[in-house]
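The primary structure of each chain is shown beneath.
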Amino acid sequence: MFSPADIATLPFDDWVNGFVRGWLVPNFRPAFRAAQVPISAVLAWTEAFFLFVPMLVTTAAFALASWLTAGRAMAIFTLVGFAFIDMIGLWPQTMTTLAMIVTSVLFCAVVGIPTGILAARSDRAWAVIRPVLDVMQTIPSFVYLVPIVMLFGVGMAPGIIATFIFALPPIVRLTNLGIRNVRADLIEAAEAFGSTRWQMLWDVQLPLAMRTIMAGLNQTLMLALSMVVIAALIGAGGLGLVVNTGLGRMDVGGATAGGVGIVILAIVLDRITQGLAERSDIRGISLRQALANLFRLRGTAPAAETQRAA
Amino acid sequence: MRPKLTVRNLYKIFGKNTQAALELLQKGDEKAEILAQTGATVGVQDASFEVEEGEIFVVMGLSGSGKSTLVRTLNGLIEPTSGQILIDGEDVARADAASLRRIRRDKISMVFQHFALFPHWTIAENVAYGLKVRGVSRDARRERALEVLEQVGLAPWADSLPSDLSGGMQQRVGLARGLAADPDILLMDEPFGALDPLIRRDMQAELLALQKSLKKTIVFITHDLNEALLLGNRIAIMKDGRIVQIGTAQEIVMTPADDYVAAFVADIDRGRVFTADDVASDAITIQLRDTPVREALRLMEKHGSHALYVMDGKRVAGVVTYRDLAACEMDTTTPSPTIGGSMITDYPTAACDTQLHELYGPAGQGLPIAVTDDSDRLVAVIEPGDVLAHLSGDANGNGAAEPEAAVIEAAAMEKEAAHVQPG
């Protein structure tokens, strides 16, 4: 049978190798190295902070946060869970992982929310940003681990960069969605009273999109947690390293202990951020409604919204 | 009064080929043809009107008639394709973003059909939004918001959220928000369209009451002709993006410009459109004194009327009917009777601006209704038959309002002044 390969074969892998090894790395390695300085700094600071604060204080703080946002049962779970982590001897690793998560989510929010706002306000920007997000979400993370190591080296900061790429899309998407779903009649009202674009953003769009943005933050946080083990492959420490070490030594117990630590941390962080999103005093449209609108035909959404208002 | 808002040859065409469509439109092509040829939709075509200061100008049309598009061009929410919109001489259609914002902040505000209150703010914060945008301090905003809420009767709800209020109350907040920045012009886009009929009536009455003291220039959009006739000092009727007639309620009901308007006004409650003024005719009166019955009977026969108002100096003393006087004349027991004896002092009255529907009851008594002015002087009378004739729409044909008859009667009255003073 004839196949296109009979005419020509493309050395695609060589091209990529040539591009990354032959051009990107030699020319830009210092630039990329410099770029990770802020990440390293923030990470070092947060890690030092979490390791410095005594275990009981941290646990009490998290239990209190759980209690305020998710109720008493969750507070008890937090106390018991953190005590368990401490008793299986993984407290320092958990704090390192927590520092990594906090740093990644911080950078995701700092980059993602403005990007989402930009995407929401300009269809052209969204047309560019959307395919980039699609690629970020579908490309297997192992694919970009290698160039990251080549450009940034190994260690915690490259791990955070990999996590950043993996966890960024939801917050951009949901910020965009939240702002675009603010009721059209409210936007019109703000405009009719002579507000500038910034006034509209601060007074109307962001507050009403806050629920959806918080949901995006929660998703980003969960994705960041799921990258912990993979990031450990390129030198990040913490619970991921515990799991990897267990894997390498066929040590089921060690790997499980690390895994349980990640799960407990994930549950606590998830419930706290979800509770924040629910409790935030925003009577905008709910996430469910926002998602429903997303799948509805364009143009019909505002009418349905205004009917609800009536 | 000078016009506050002037709109000249305003066009709005939606779509891509707006210029081509505009040319076709100005050549006289129809809306549907243009859609087929260029793919552009005509929103508003060749609208021209003036709104005077302190007037309620109602734009009435069915959905799709372009009325909402028209009102949104007035504050630049929709940019017109061509034409002029002058507010105090400044052209909104050609204003840049910064001057548009200034106009919206200082001169023109809007009330929306579905209220469009910000759900995350309290009522007071909502009301103060226009001031916040302008950069007014928090305390001053709050003070002004409470002041306006007081006007619309919602001060106790200042710190509630919009979701705690009923529809009618929410729209009062919408109105208060529109008034808070003290704009010259208030655009109201079907503000009562989403309310229950009873609440709507209350709101209409309240708007009219407020307008008495506010004297804002209001452009009011509605699809309800009854609402238009009730509220509008003048009314513009729109169809397919074109204004087909502009006039007062009475003008539109009496002389519809075309079949479309005629069909609209056909089943309107005329009793709420016309006032006593519209059906009143000149009063034929007679002085009380010692006027003999025969004198009064002769006067009535001359004018073909069956009742006469009796004056005591400049005041109305009562009314006499032909039947009573005739009976009195027949009764031979009293020689040379005077009209005083059979005068009815419990006569029906109305003011000039009393609406016809309020006259059904008085008209039922069968006596002419006395139309009096503020200082209680008789200015005209209404024959009961004219009320009904006017309601049925053929008042032009045979009512007493017929110009010729009025002239004759006026002349008669002058003569009578000399003639009825018996020595």
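Residues numbered from 1 in each chain as written. Chains lettered and ligands numbered in written order. Predicted model: local features only at pLDDT ≥ 70, side-chain atom pairs only at ≥ 80, totals over all residues.

In the nomenclature of an unreviewed UniProt entry, chain B is known as Quaternary amine transport ATP-binding protein of Paracoccus alkenifer. As recorded by UniProt, the Sequence similarities (unreviewed entry) comment attached to chain B reads in full: "Belongs to the ABC transporter superfamily." Entered under Catalytic activity (unreviewed entry) in the UniProt record, the comment concerning chain B runs "a quaternary ammonium(out) + ATP + H2O = a quaternary ammonium(in) + ADP + phosphate + H(+)". (UniProt positions renumbered as here; feature names shortened; annotations may be inferred.)

The name given to chain A in an unreviewed UniProt entry is Glycine betaine/proline transport system permease protein, with Paracoccus alkenifer as the source organism. Among the UniProt annotations of chain A, the heading Sequence similarities (unreviewed entry) holds the following wording: "Belongs to the binding-protein-dependent transport system permease family." Here is the UniProt Subcellular location (unreviewed entry) comment for chain A, exactly as written: "Cell membrane".

By way of backbone hydrogen bonds, the strands of a sheet pair with one another, either parallel or antiparallel. Residue and element names in this part refer to chain B. Strand order in this open sheet of four strands is 2-1-4-5, and the pairing throughout is antiparallel. At either margin of the open sheet sits one strand with a lone partner, and together these are strand 2 (41-52) and strand 5 (90-91). Summarising the sheet, strand 1 (residues 3-14) and strand 4 (residues 82-87) pair through five bridges and their orientation is antiparallel. Note on strand 4: the bridge partner recorded for Tyr 11 is Ser 82. The sheet strands contacting helix 1 (residues 18-27) are strand 1, strand 2 and strand 4, and the helix crosses strand 1 at an angle near 110°. (Pairing = 2+ DSSP bridges. Helix = DSSP H or I, 4+ residues; strand = E, 2+ residues; numbered from the N terminus. Contact = placed C-beta atoms within 7 Å. Axes fitted to C-alpha atoms, helices over the stretch in contact; angles between N-to-C directions.)

Residue and element names in this part refer to chain B. Reading across from one edge, 6-7-8-3-9-10 is the order of the six strands in this open sheet, with mixed pairing throughout. The sheet terminates laterally at strand 6 (108-111) and strand 10 (242-247), the two strands that pair on one side only. Neighbour-to-neighbour, the strand axes of the sheet open up by a mean angle of 20°, direction not taken into account. In terms of strand pairing, strand 6 meets strand 7 (residues 185-189) through four bridges, oriented parallel. Looking across to strand 7, one finds that Val 111 is bridged to Met 188.

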